[in-house]
Amino acid sequence: MDGLELASFQIISAVGAARSSIIEAMQLARQRKFTEAYQKIDEANQFLSDGHKEHVKLIQQEADGDQVPFSLLFMHAEDQFMTTYSLRDVAYEMIALWKEMK
Amino acid sequence: MDGLELASFQIISAVGAARSSIIEAMQLARQRKFTEAYQKIDEANQFLSDGHKEHVKLIQQEADGDQVPFSLLFMHAEDQFMTTYSLRDVAYEMIALWKEMK
Amino acid sequence: MDGLELASFQIISAVGAARSSIIEAMQLARQRKFTEAYQKIDEANQFLSDGHKEHVKLIQQEADGDQVPFSLLFMHAEDQFMTTYSLRDVAYEMIALWKEMK
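Residues numbered from 1 in each chain as written. Chains lettered and ligands numbered in written order. Predicted model: local features only at pLDDT ≥ 70, side-chain atom pairs only at ≥ 80, totals over all residues. Heavy atoms only, no water.

A. Structural view of the interface of chain C and chain B. Across the boundary between the two partners, chain C contributes 24 residues, which contact 20 residues of chain B. Around 2000 Å² of area is buried between chain C and chain B when both sides are counted, 69% of it from carbon and sulfur atoms. Counting the surface chain C buries against chain B, the share from its top three residues, Met82, Glu93 and Leu97 of chain C, is 30%. One can count 3 salt bridges joining chain C with chain B. The shortest N-O distance in the salt bridge between glutamate 100 of chain C and arginine 32 of chain B comes to 3.1 Å. For the interface between chain C and chain B, the tally reads 5 residue pairs in polar contact (both at pLDDT 80 or more). Taken together, the elements giving at least two residues each to the side of chain C that touches chain B come down to helix H2 (34-63) and helix H3 (72-100) of chain C. If one sorts the elements of the side of chain C that touches chain B by residue count, H3 of chain C sits on top with 15 residues. Among the residues making up the side of chain C that touches chain B, the classes are represented as 14 nonpolar, 4 polar and 6 charged. (Contact = heavy atoms within 4.5 Å. Buried area = accessible area lost by both parts, 1.4 Å probe. Salt bridge = Lys/Arg side-chain N within 4 Å of Asp/Glu carboxyl O. Polar contact = N/O pair within 3.5 Å; in protein donor to acceptor, adjacent residues only side chain to side chain. Helix = DSSP H or I, 4+ residues; strand = E, 2+ residues; numbered from the N terminus. Nonpolar A, V, L, I, M, F, W, Y, C, P; charged D, E, K, R; others polar.)

B. Spatial organisation of the nonpolar core. Core analysis: the biggest nonpolar cluster contains 99 residues, and Met94 of chain A, Met94 of chain B together with Met94 of chain C have the highest contact counts within it. Apart from the residues lying within four places of it in its own chain, the contact partners of methionine 94 of chain C are Val90, Glu93, Met94 and Leu97 of chain A, Met94 of chain B together with Met26 of chain C. (Core = buried A, V, L, I, M, F, W, Y, C linked by side-chain atoms within 4.5 Å. Buried < 20%, exposed > 50% of the residue type's maximum accessible area, 1.4 Å probe, protein only.)

C. How the structure looks around the interface of chain A and chain B. Chain A puts 20 residues into the contact, and the matching count from chain B is 24 residues. Inspection of the chain A/chain B interface yields 3 salt bridges. One salt bridge in this structure joins glutamate 93 of chain B and arginine 30 of chain A, with 3.3 Å as the shortest N-O distance. For the pair chain A and chain B, the interface holds 5 residue pairs in polar contact (both at pLDDT 80 or more). Those elements that provide at least two residues to the side of chain A that touches chain B are helix H1 (3-30) and helix H3 (72-100) of chain A. Looking at the side of chain A that touches chain B, the element that brings in the most residues is H3 of chain A, giving 12 residues. The residue makeup of the side of chain A that touches chain B, split by class, is 12 nonpolar, 4 polar and 4 charged.

Right, dumping it as structure tokens:
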């Protein structure tokens, strides 16, 4: 397994865990368990931060002139990373809405 | 049209239909038409599943060692695929919120 | 800086501004400032439209047979573009929910 493939799997794994935590957070919010919901978001942020490290390492590598080759797997990892990041922002808003309906 | 271009258009077409169904579902939820909203989400899931087949085929091809070349069109197709998938998850939560306000 | 790198930074800059406006719009909606919230969405749409021009130019270039090379930075710009576009759609729904709870 080359470096890019390894980075892809590390991102997919971290981001998959983040996504699960976010989905759980939204379900906890539905049940008005807000403290637990925010804990799940904190968990998600930790996982996203793990994924972000790999992402930044590669962006840096390319900026240093060392071209990163195209890989569909890595592209997919990045798509998961960015959509999950966005889902986290949406989850904050969702929790706020559920709180308001308390 | 080569295979990758064809796959891109198939994904864009399937995912575009899914996106429309999801947007409609959220509008139906606003009108408290929840049965119809869930039907639209079911429709969207069917379209997403069509797009997913093309996506998996290419991921598989790359995993088998047959490199998939970079194509901006295909990258765009994948971006649409992943953001629409995520929008579907958000739509479920949106419908739950509207139901609660019934 | 080559053309693709420049386009990437232009997209990232436009989309980053759009994202900030969308986040602000959702926060204004929480405070029931709906007119201001929609103004922020209008602002976001303007920024997204700037990003879209660069995006379309490159898609067009590839369609004309002039291959766009892979760049991680550009891939990241496109990911930001597509997730922010989707976040805008979600923001409309969020504002509608907050209005209903007025």
